[in-house]
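Letter by letter, the chains look like this.
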Amino acid sequence: MDCLTNPTKLVILKEWRAKHFTPPHKPTMYINLTPHDIDVFTESAFTGLTQVNPSTWLADSVSHGQSIGAFPPAIKGGARIATTTIVLPHGPGDIPLVATEYGLPIGIPDNVQPEDILIVSLPMLSMLKEASHPLTSQCVSPWKVVRSSSNGSVVLGCMGFTK
């Protein structure tokens, strides 16, 4: 009796194949490298959603029960772009004036896996692209960020991610 006609041998053969021929699969993990909670909602979760201009979305509220993803910051302070500040002569009214030079990213963990997706700020994503950083293809930034229509400094959530 061969494996095809003996159910017990067939199960043992399938288990052996799965163990020896199936590469281990690690699920994709989102890692939020911003200092903010990132909450993703469907468009229908927002009440009174209005697009003010191509990059500004406002809403009266959001139904938190309809979140399709919630990502707390992975590291305190988040990943940042290194900066150097140069003090310049004061501007009119004796107001301090500085020039800022932007450097490389800081705060990106060393143990990023190939299947990880890194959530970064839009300025960070732009800088990584400009610098041809090796992790650029794994980075995303919040897309269609929606702010409160009553207080524009309050972010209600976003509707996805952009590469």
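Note that this is a predicted model, so its numbers are computed, not measured.

Participant: Please provide a residue-by-residue account of the side chain of Asp116, values included.
Facilitator: Mapping Asp116 onto the fold places it in strand 10 (residues 116-119). Side-chain polar atoms of Asp116 contact the backbone nitrogen of Gln113, separated by 2.8 Å.

Participant: Lay out the layout of surface pockets with the relevant residues and their values.
Facilitator: Any empty space left between atoms is shown by rolling a water-sized probe over those atoms. What the largest pocket holds in volume is close to 800 Å³. Those elements giving two or more residues to the lining of the largest pocket turn out to be strand 2 (38-41), strand 5 (56-59), strand 8 (80-88), helix 2 (122-130), strand 11 (139-143) and strand 13 (155-157). Looking at the lining of the largest pocket, its residues break down into 17 nonpolar, eight polar and five charged.

Participant: Would you mind going over the sheet that holds strand 4 (residues 50-53) in detail, with residue names and values included?
Facilitator: In space, the four strands of this open sheet follow the order 4-5-12-13, with mixed pairing throughout. Looking along the sheet, the strands with just one partner apiece sit at the ends: strand 4 and strand 13. Taking each pair of neighbouring strands and ignoring which way they run, the sheet shows an average axis angle of 40°. In this structure, strand 4 lies alongside strand 5, joined through three bridges in antiparallel fashion. Opposite Gln51, over in strand 5, you have Trp57 as the bridge partner.

Participant: I'd like a description of the environment of Glu101, backed by residues and values.
Facilitator: Mapped onto the fold, Glu101 is located in strand 9 (residues 97-106). Its relative accessible area of 46% is what places Glu101 among the partly exposed residues. When the C-alpha positions of Glu101 and Ile86 are compared, they lie 8.0 Å apart, and in sequence the two are 15 residues distant. Discounting residues that sit within four places of it in the chain, Glu101 has contacts with Ala82, Thr83, Thr84 and Ile86.

Participant: Any details on unusual backbone geometry? Residues and values, ideally.
Facilitator: A positive phi angle, near 50°, is found at Ser132, a position not held by glycine. Assignment of secondary structure puts Ser132 in the loop between helix 2 and strand 11.

Participant: Outline the nonpolar core, listing residues and values.
Facilitator: Counting 13 residues, the largest nonpolar core has Leu33, Ile108, Leu118, Val120, Met124, Leu128 and Cys139 as the members making the most contacts within it. In this structure, Leu33 is in contact with Ile75, Gly78, Ala79, Ile108, Pro109, Leu118, Ile119 and Val120, ignoring residues within four places of it in sequence. With nine residues, the next largest nonpolar core counts Ala45, Phe46, Ala59 and Val146 among its residues.

Participant: Go over the packing of aromatic side chains, please, and point to the residues and values.
Facilitator: Counted under the stated rule, the structure contains four aromatic pairs. Relative to Phe71, the ring of Tyr30 has its centre 5.0 Å away and its plane inclined at 45°; by these criteria the two rings are tilted. A residue pair is termed long-range when its members are at least 10 positions apart, and Tyr30 in strand 1 (residues 29-32) and Phe71 in strand 7 (residues 67-71) qualify at 41 residues. Both rings, one in Phe41 and one in Phe46, keep their centres 5.6 Å apart while their planes meet at 75°; by these two values the pair is edge-to-face. The two residues Phe41 and Phe46 agree in class, both being buried. Counting every residue linked through ring pairs, the aromatic cluster contains Tyr30, Phe71 and Phe161.

Cut-offs applied
- Residues numbered from 1 in each chain as written.
- Predicted model: local features only at pLDDT ≥ 70, side-chain atom pairs only at ≥ 80, totals over all residues.
- Heavy atoms only, no water.
- Helix = DSSP H or I, 4+ residues; strand = E, 2+ residues; numbered from the N terminus.
- Polar contact = N/O pair within 3.5 Å; in protein donor to acceptor, adjacent residues only side chain to side chain.
- 1 Å grid on protein atoms, 1.4 Å probe; cavity = no way out; pocket = protein on both sides within 12 Å on 5 of 7 lines; lining within 4 Å.
- Points joined across faces, edges and corners; volume = space filled by probe spheres on them.
- Nonpolar A, V, L, I, M, F, W, Y, C, P; charged D, E, K, R; others polar.
- Pairing = 2+ DSSP bridges.
- Axes fitted to C-alpha atoms, helices over the stretch in contact; angles between N-to-C directions.
- Buried < 20%, exposed > 50% of the residue type's maximum accessible area, 1.4 Å probe, protein only.
- Contact = heavy atoms within 4.5 Å.
- Core = buried A, V, L, I, M, F, W, Y, C linked by side-chain atoms within 4.5 Å.
- Phe/Tyr/Trp six-rings, centres within 6.5 Å; stacked < 30°, edge-to-face > 60°.

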